[in-house]
Each structure stands twice: as C-alpha cells, then as structure tokens.
Amino acid sequence: MLESLSPSFNYWIYVIIMMIGLYAMISKNNFVKKLIGMSIFQTAIILFYVSISVKEGSTIPILYHDQIHPEHGEHHEDGQGDHHQALDTLAKEHHDSHADHGDAAAGSHYPDLVIKPDDFSNPLPHVLMLTAIVVGVSTLGVGLAITQKLYGEFGSIEESEILDTIKSSND
Amino acid sequence: MIDQAPALILLIPFLASIIVALVGFRFRAVCYPLVLLGMAGSVWASIVTLLSVLEGGVIRYHLGGWEPPFGIELRIDGLNALVVVVVSSVSLLAAIYSKRTVLAENGDKVSQFYSLFLLLATGLLGMVLTGDAFNLYVLIEIAALTSYALIAMGPKRATLAAYKYVIMGTIGASFYLLGVGYLYIKTGSLNMVDIQEQLVARDLAGSPAIMVSFILITVGVWIKMAFFPLHAWLPNAYCFSPTTSSCILAPLVTKVMVYVMVRMMLTVYGAEYTFAHLEWSRIIVWMAVLAILAGSISALGQTNLRKMLSFLIIAEVGYMVGGVWLAEEMGMVGSIYHIISDAFMTLCVFLFAGIIISKTGKTDLNALDGMFKKMPLTMVGFLAGAFSLIGIPPTAGFFSKWYLIQGGINSGRWEYVVALLISSLINAVLFFRIIEIAYFGVKPAEGHDHHHSDGHDKISEAPLSQLIPLLGTGVLLLVIGLYNKDIVAVISDFLSSSNLGSGIR
Amino acid sequence: MTTIESFTPVWACIVSLLAVIPIVFLGKSPNLREGSTFVAGFIKLALVVSMLPTILSGTTIEYTLWEIVPNLKIAFRVDGLGMLFGLVASSLWILTSLYSIGYMRGLKEHSQTRFYAFFAVSLSATIGVAFSANLFTLYLFYEMLSLATYPLVTHHQDKEARTGGRTYLTYLLSTSIGFVLPALIYVFIKTGSSLDFSSNGFLEGHIGSSEAVILLLLLTFGFAKCGLMPFHSWLPGAMVAPTPVSALLHAVAVVKVGVFCILRVDTGVFGIEYLITENLGAIISWIAAFTIVVSSLIALTQDNLKRRLAFSTVGQLSYIILGVSLLTPQGLTGSMMHISMHAFGKITLFFCAGAIFQATGKKYISEMVGLGNRMPITMIAFFIGSISVIGLPLGGGFWSKFYLLWGTVSGGHFAMLIVLLISSFLNAAYFFPIAFKAFFCKPEESLFEKKFQEAHPCSVIALSVTAIASIALFIYPEPFFSLAEMAASVYLNSN
C-alpha cells in the first residue's frame, strides 16, 4: 500500500492539504477562519507546482561563478571587480539571447560549459508560483478588507450572526 | 500604430486606470472623461483588430518580442476578435451610463471606483485576447479581484455577497490553476496552441492526467460562469452591488468565462478530444437543461428586479454551455453568437434596472408602476432587451435561439430544444409581468375609467447619460439581429479552422 | 406563370408603418392625426389595387428584401391568395379608421394617439403576412402583429383589460413560440430550402408520414390566431378591447391572419396534392368541424353581444379551415372567398355592437329589446350582416357558403355537409332573435322610447358602407371570386 503511494506522495500531500483548506472554507462559521482555509487551499496548489519541478539530485537553477569561469574563479575568489565582470557577461549573454529570440547560446560563448537540464530543477513552476503567490496575497487582502467592512456593517464576523441580522431586518 | 492594436486594446484602459488612480484623488471631475477616453480607445483598437483579422487571418502578437512557446502571446482569431469588440463596447456603454450613478452611490470613492472599473475591463479583455494558459489564470484573478471590490462597494448586503463571491471565485480559479498544472506536467507548455500540438504529437488523449486537468479546468470555469448548480454566488452579488458595477459585471463576466470554456475545449484540448474521446456530451447537455429550467423557474419567484435578471443569467449560461456541448456545429455557432447577443441583452436590462433604481430608489418590481407614462423612451429601450430575451424576431435573441434550436434538432437532443422553448415562454411571462406593471400600474382601475388622472404621470425621463447607452444597446440588439448572417460567417470560419469536424459524430 | 420584380408590395406593407411618425408627432391636433391615418390608408389601398390587374392576369410580384440567415430571406410575394387578403385588409382599414373616429371621440377615450399608432403598425404586419413569400417572413410579421395588437386589446388599462391581455398573449405567444418556431426550424433543417411557398408545397419527399402529421398539427395549432379549439379562449378574452379594435381583430387583422397562415401552410408548404396522398385533410377537417359545432352552441348561450359575436367568429374561422381541408377545388375557392365575405359581414356586426354601446351603453342582448325604434339604421345593418354571416342569399356570405357546401359534396365528405348545415341553422338561431326582437317586439316590452338617436355619424357611415358592401358582394362578388378561383386552380393544377 505504502509503496504504491510513495512515488506520488507529493500529490497525496497536496490533495490532503487542499481538502483541509476546502473544509475550513466550507464549514467554518467565522469569516477570518474561512479566509485562513482559503490561504491553505491556495498554498496547497503552490506546493503542488513547486513539487512537480523537482528532480532527483537536482539543484536550484543558478549558475555559480566557478561553473562559468572555473580557472579564474580560484584566483580571484574574493575579487569584487571580477564578480561584477562575471555578472556583466551574464547580463550581456542574456541580452544576446534575447536578441536571438531565446536561442540557447550559452555554449557558443563558453565552449567548455556544459549545462545538463537534469542537474537543475525546473525554474518555470517557481516563476509561475511567484505570480500565484502575489495573486493569493491580494485575494487574501481583498478578503480581509471585505471582512473588515462586514464587521463595520454588521458588528460581527460570524456567518450565523450576520445571517440572523439580515433575517431580522427583513421581517 | 495599427500593428500594435492588439496590445493597445489592453494598454489603453490599463494606463487610464493608473492615471485615474493617481490623478482622480485630487481632480474628481477628470475621472469620467478619462474612463470614457480609455474605453473608447479600447473599442477603437479592438475594431481595428477585428478588421485586420477579417482581412488577414489570425494575428499572433508577441508581448515583449518573446517567441512563443516561451513568451506570452496574444493570439487573435475570428472568435476572440468578435468577443473583444463586444467586451470593449459593453464596457464603454456601461462607462457612459456611470456618470451620475457613481457619484450618487459611491461619491466618496469615485477615483477608486473608476480605477477598478478600468482594471476589470482590462482583465476581461486580457482573458479574451491571451494565448497563454497561465497568463489567463492571472487575468481571471485580476478580473475577479476587481469585481469583488466593485461588488463590495455596494450597501450592506453587497459586502456579504462579495465575501461569498471571494470564496467561490477563489475555489474556481484555483481549480483552473491546478488543471493548468497537470497540463504543464504532461505537455511542458503553457501556450494554448502549443499545448494542443503537444497533445497530438505525444498522443496524450488516453492519459488520465489530461482528463483530470480537463475536469479541473472545466469545473473551475463553471464555477466562475455560475453554471448550475455552481451558481450560488451570483444572484446576491449582482443584485446588491452598486448599479454601475452590475451593469458591467452581469453582461461580461459570465460571457467571458463561456468564451474561456469554448477556447479551452476547441483550441487547447481540441474538438476531437473534447467530444470524440470524452463522451460526456449527453450528461452535460442534461446539466445544461437543468440549469436552464432552474434559472428560469427561480427567476419566476423573484420580486426584486435585479435578482430576477440575475437568475435569468444563470439560465442563459445554461443555453451556452448546452449549445457548446451539443457537439454540433450549429449549436456551437449558436452558443458563440449567444455570447455576443446575450452580453448586449443583459447589458440592456441591467442598464434599465439601474435607471429604475436610481430614479425611484426602489428595487422591487413595483417600482415600475406606470413607467410607460413616466419614462416612455426608457421603456422602449427596455422592450428591446426584453423582446430579445424572450426571443422575438428580429432581435438578436431570436437568432441565437434559432441557431441553438437548430443545433439541438440536428443532434437529436430534444430535451435541450424543449428546455429552450420553455425558458423562452418563462421569459415571456417574466417580462410581460414587468410590462403589465409598467403599463397598467400596480393597481389598475376596476371599471372602465376613461378619465385617467394625469397629475402624477408627468414625463420625467432618465438623464441623457443613462438614456443614450440604453437606447444604443437597444439599437445594437436589432443591428446584431439583422446582420447575424455576417457574424455567423465569422464564427463559422473560426469553427472550420479549428477542425471541428473530427470531433463531431 | 410569370413573375415580375417590384418594390410595390414592400411599400404597401411599410406605408402604414411610416404613418406612425406623423401620427405620433401630430398627436396634439386630432384632426391632422386622423388625416394622416386616412392618407396612409388610401395610399395603401391604392398600392394594393395597383397590383390587382397584374395579379388577375396570372402574374406574381416578388421582391427580396434581405437575406437574414444563410439561405433565409425576408421576401415579399403577391399571388392570388395574398392579394385577396391584402385587398380585404387595406380596404377595411379605412372604414375602421372612419368608425374609430366616431367611436373614440364619442366615448372620449384616452391615449388616442397611441391607439392610432398601433393600429397602423398592426396593419403593416397584416399586409406583411399577406404578402410574405416564405414561412420565415410570415412568422416574423405574425409575431409583430401579436405584439402590436396587445396595446390595442388592453387599451382601457384597467383590471379587466389586464386579464384579457394576459390571456391574449399567453395563447398567442405560447403557441407561436412553443409550436410554430420548432416546426419552422425542423422544416428548415429537413428541407434545407429557403422555406419559400410554392404552389404545390415543398415538403413532399423530405419527411415521413408521421413527421408530416406532427408538423401539420404543430403548424395548425401554432397559428392560434385562427381560433381553432382548444386554443380559442383568447378571442372572447380579447373582447375587453374597444369595439373598433374588436372589429379589426375579428374581421381583418388577427383572426384572418391566423386562417391565412393555415391556408398558406396547407397550400404552400405541404401542398394540396401531398395532403391528399397522405390523407391529412381528414384530421384537420374533424378538428374544424368540432370547433364549428361547439362554438356555435356556446354562442347561443352568450348574452353579452360582443362575446356572442366572438364565438360566432370562432366557428366561422373554422369554416375556412374546413374548406381547405376538404382538398377540393370548390372547397378551396369557398374558403378563400369566405375570408373576404365573412370579413365584411362580421365587421358590420361589430360596428353595430359598438354603435349600440356608444349610443346607449348597452352590452347585453337582453337589454336590446326594441332597439330598432331608436337606432333603425344600425339594426338594419345588423340584420344585413347577420344574413351575410349565416350565408343566406342577398348577403355575400351566400357565395362562400355555397362553394363550401359544393366542396363537401364533390369531395364526398357528407359528414362535413351535415356539420355545415347544422351550423348554419345554429347561426340563424343566435343571430335572428337579436334583430327580430329589436324591431318586432310588443310596444310594452320595448326598453326604448321611439326616439331616433343614432351613434356618431362617422360610425353610422362606416357601418352602412360595410353593410351595403355585404349586399353588393352578393350581386357582384368580384374581384374576390376571380382571385379565389384563380388561386385554387393554381394550387390544384400545378402538377
């Protein structure tokens, strides 16, 4: 049982977390708790995205200084100027590749540099999730602002109490 | 300039919203002209885009110059060129209407309101234009966040409705995001066209992950478009919000989501996968039938004008979902045509509701007492929308029903045809109830009283800023109806280019 | 058969629509307003009459206005049947307008501008139906007519009017949306054609026999304006309308549009030959026969004069439907002629009912004993109208009924012959007592003093003219007879 689950345990975890969030959104009476549930719900999805970018034995997709300049790197280990120079080259390379419309041109400038995709985790889901986090935070912000407005208008953030107030005002 | 028109559709209202937010604080009078200018610019750009699409075929606009599938592209074909014109012009008409109502309803937050209004329009336009699945998520959320705020600007109960909308909307958008995640795992792409190519190239039709992603995306989109039984958020949200907000939200949000559904089904997954591989057409058409009946019957029980209209939106969503899922060309044509016509009909009746509410201060149907005497021109505008919703020729609504029923008969789905007819009849009851109140008064005289007192029946029309958009919409409904052949030609071109034939039995 | 293209039918249709503009803008001065109604009416009649010689020579006039849906056009076409109906409608509009002036001014009705404006719109729709070239255009004008007559029916804007209007629209809209629209789309899909009426129908070969039965029933009951039972209740309900409206409704615009649509469907969509081969005439004729007998019996029990006339109309309309469903040349001729003959007879009766109400305020037959003393002209006209509607000699209705009877005999439908005879007897039973008691009651029974007091002169002139026309049509039933005979021969001899 456990073995059959283990290769895809990240999916199971995100589903469980998501369900916890969904449960809170649906069943909680308190509007702030509902929003907490909503955050949990969104976080589960973020977790899902991040987890799918991971590969076994991979690392974050950043090229270290010594990977680009293996021979210089040892000489000027603390050299601030050289560090800048390396960044400049990277920036320039980035610019070039932009001009070439994304042609993976790293190899042509650094013939001895070999980048294996398997060594790095996929950066794209991370980037997407940066956006999703921003969206999630703004949703939470709007939700909290609305809750605040609700409190101002009804004097409560309990759903049942607010519904009672509405009902009694209708009668 | 013309080459950049696709981007300008989005950029003009977006920049306008920033300017309104910055300047509007100090100079409140600037807001309204700026909004009009922004939306008019957007309408202009979208018409230019439509014309160039009609002339030269699909436009692929690469934002920032990045090639797809790496960069985000705006991909404009016949379908979204049409829808984008509708979205921008509906927003423009709603903006014209807003002149007095915003001051009256949200006088202390004019610049905030208009800034959100423009952002909402930007989000909706973006949803229609974008060719990137993740970008679509972001734009869905931009539109959703602004609409939460626009609804919450209303009086007391609007806040509660907005809160529920936040919860439901977030669940819907999250489902969509999850679905895109599964698609990405399988295809490694986020560009809609590229996803479709990868699905075919890698022969992924049998993959359960793709099916899961399809379900997640469809359910997410259904929540957002208030497809029965996922509609609970809609009636209160549109009923209690400020009238200006409901004038832009009610016509556009659900319709744009229907567009997103069509886009997902036809462009991303492809007709063959959606209809031939997944055999869900039968059950989803039945769900649509339920949606139509439930929406119409619930509308019958309402005494609040805007709530009644909100339930009608739910029924109309059923029309469109059912029409698309008939898996038949005419039904598809009808649904897409209905996106266009329904946007304008809903705008028309909500503008009317807004005018009545701002004029009388009452929200229930009795507010219409004797309106044919008091506001004849407004009522004429309303009649155009009402007749269109009932489906009386030659208004736009008649022709969308014409195509939808044709689709239903062609595919042998009589339950859908019957539901459409029943809903038309219920619409007739609903609108003639309104017409009766406006024509006879709430309490008509008992006998043949030929000497009606004319004292309190002085004509007092709505101000021009409200009358012009209402009558304009009414005229547009007729124009869309009379020129439906040309619109349908564009839709048919789109459908034939999206290789519908392989998915249809 | 030759065809020419001309814009005239379109003009004939829209001239009254254009008249709405002066009517609304001249609303402040009633004389100019009514003047513009008359101008439009005479122009309309002139346009229709100008086409008459062409039609009588066997030519049809066509004009295509607009292709609205791929393959479907809004198109106009004038043939014998359309011309017959157009002629009736446009000539009676003028008389009804004359009568309305007397009626509306006499009773000081409110919102007269609205009344005349919608009257004009209704006439446009009626002529549109008469001259439409295909089923789609027909449907378009049919719906337009339902909506344009609603403000007329509910003119009084009181509680009773609201109830009547509700019934009116419920029946008309639910049948047209629920029955006609799906049938229309189904026919469009099955035939793939432009739905153009052709003289021998276009359905044959596209549908099976069971589909044919269903379509025929949908299209027959769908055009509920024809008052076929059980969809007839709107007609008595619509009696709340001012009398000129009832007159127009019953004689011209609404009910005749209903039967006209059925004539078109039977002849132009199904085709007489196809109906004969599928033996579909019997279904319709039995429904019509049922309606004829039952409505005549109900009419006997009505004391309200307008309601009695309404039920009489329900029966008379079914004569027309029965005539077509006999599927014989004589029956067809008779039913087409009955459109015009009944129109002149029935409009006279309604004018009289209105004139009585206008002069005395009486609505019930039991209150009209001895009325001949006071309103001799009106009651004589009423008598003439009754003769014509019953179908006795000296009234134009004689000819149409004669042809209908001939049709039943030549087709061997003896059951229908009996139905027609019984119904004529019943007609006499519910009409004659009214005129009889008005003139020949004992002086002490009379409810009226012997004092001459007629209604407004405009009304009296109008009803006299229609009464004289009813007699004139007996002596000289042209051009309706030639038109009907020509149309019947076209529908039967085309193959």
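To keep things clear, this report deals only with the structure shown in the data block. (Residues numbered from 1 in each chain as written. Chains lettered and ligands numbered in written order. Predicted model: local features only at pLDDT ≥ 70, side-chain atom pairs only at ≥ 80, totals over all residues. Heavy atoms only, no water.)

Once that is clear, we can look at the pattern of salt bridges. Residues and elements named next belong to chain B. Counted under the stated rule, the structure contains 13 salt bridges over all chains. With its nearest N and O atoms 3.8 Å apart, the salt bridge here joins Lys224 to Glu141. Of this pair, Lys224 sits in helix α8 (residues 208-225) while Glu141 sits in helix α5 (residues 133-152); the two residues are 83 residues apart in sequence, bridging distant segments of the chain. For the residue pair Lys224 and Glu141, the accessibility class agrees, reading buried in each case. (Salt bridge = Lys/Arg side-chain N within 4 Å of Asp/Glu carboxyl O. Helix = DSSP H or I, 4+ residues; strand = E, 2+ residues; numbered from the N terminus. Buried < 20%, exposed > 50% of the residue type's maximum accessible area, 1.4 Å probe, protein only.)

In this section: the side chain of Thr37 of chain C. Summarising the element assignment, Thr37 of chain C is placed in helix α2 (residues 30-56). You can call Thr37 of chain C buried: its relative accessible area is 4%.

Take helix α2 (residues 9-27) of chain A next. Its 19 residues give α2 of chain A an end-to-end C-alpha distance of 27 Å, which sits within 8% of 27 Å, the value for a rise of 1.5 Å per residue. Those residues of α2 of chain A not exposed but buried are Asn10, Tyr14, Met18, Gly21, Leu22, Ala24 and Met25 of chain A. Projection of α2 of chain A onto a plane perpendicular to its axis shows the buried side chains occupying an angular sector of 160°, all on one side. Across α2 of chain A from its buried face, at more than 90 degrees, point the exposed residues Phe9, Tyr23 and Ile26 of chain A. Buried positions along α2 of chain A lie against α3 (31-52) of chain A together with α6 (156-187) of chain B. (Expected span 1.5 Å × (residues − 1). Arc of directions from axis to C-beta. Contact = heavy atoms within 4.5 Å.)

For the rest of this paragraph, the subject is the interface of chain B and chain A. Contacts between the two partners involve 34 residues from chain B, matched on the other side by 42 residues from chain A. Regarding the contact of chain B and chain A, the summed buried area is about 3300 Å², with carbon and sulfur atoms giving 76% of it. For chain B, the biggest contributors to the area lost against chain A are Leu160, Tyr163 and Tyr184 of chain B; these three give 19% of the whole. One can count zero salt bridges joining chain B with chain A. Counting across the interface, chain B meets chain A through nine residue pairs in polar contact (both at pLDDT 80 or more). Taken together, the elements giving at least two residues each to the side of chain B that touches chain A come down to α5 and α6 of chain B. For the side of chain B that touches chain A, the element with the highest residue contribution is α6 of chain B, accounting for 20 residues. A breakdown of the residues in the side of chain B that touches chain A according to their chemical character gives 22 nonpolar, seven polar and five charged. (Buried area = accessible area lost by both parts, 1.4 Å probe. Polar contact = N/O pair within 3.5 Å; in protein donor to acceptor, adjacent residues only side chain to side chain. Nonpolar A, V, L, I, M, F, W, Y, C, P; charged D, E, K, R; others polar.)

Moving on, we get to the environment of Leu347 of chain B. Residue and element names in this part refer to chain B. Summarising the element assignment, Leu347 is placed in helix α14 (residues 329-360). Between the C-alpha atom of Leu347 and that of Cys247, which follows or precedes it by 100 residues, the distance is 6.0 Å. In this view, Leu347 contacts Val90, Leu93, Ala94, Cys247, Pro251 and Thr473; residues no more than four positions away in its chain are not counted.

Attention now moves to the packing of aromatic side chains. Inspection of every chain in the model, using the stated rule, returns 61 aromatic pairs over all chains. Considering the side-chain rings of Phe382 of chain B and Phe431 of chain B, the 5.9 Å spacing of their centres and the 55° angle between planes classify their relative orientation as tilted. Of this pair, Phe382 of chain B sits in helix α16 (residues 376-390) while Phe431 of chain B sits in helix α18 (residues 414-440), placing them 49 residues apart in sequence. There is no split in this pair, since Phe382 of chain B and Phe431 of chain B are both buried. Seen from their ring centres, Phe382 of chain C and Phe431 of chain C are 6.5 Å apart, and the 75° between their planes marks the pair as edge-to-face. Taken as a pair, Phe382 of chain C in helix α15 (residues 376-390) and Phe431 of chain C in helix α17 (residues 414-439) lie far apart in primary sequence, 49 residues in all. The exposure class assigned to Phe382 of chain C is buried, which follows from its relative accessible area of 0%. (Phe/Tyr/Trp six-rings, centres within 6.5 Å; stacked < 30°, edge-to-face > 60°.)

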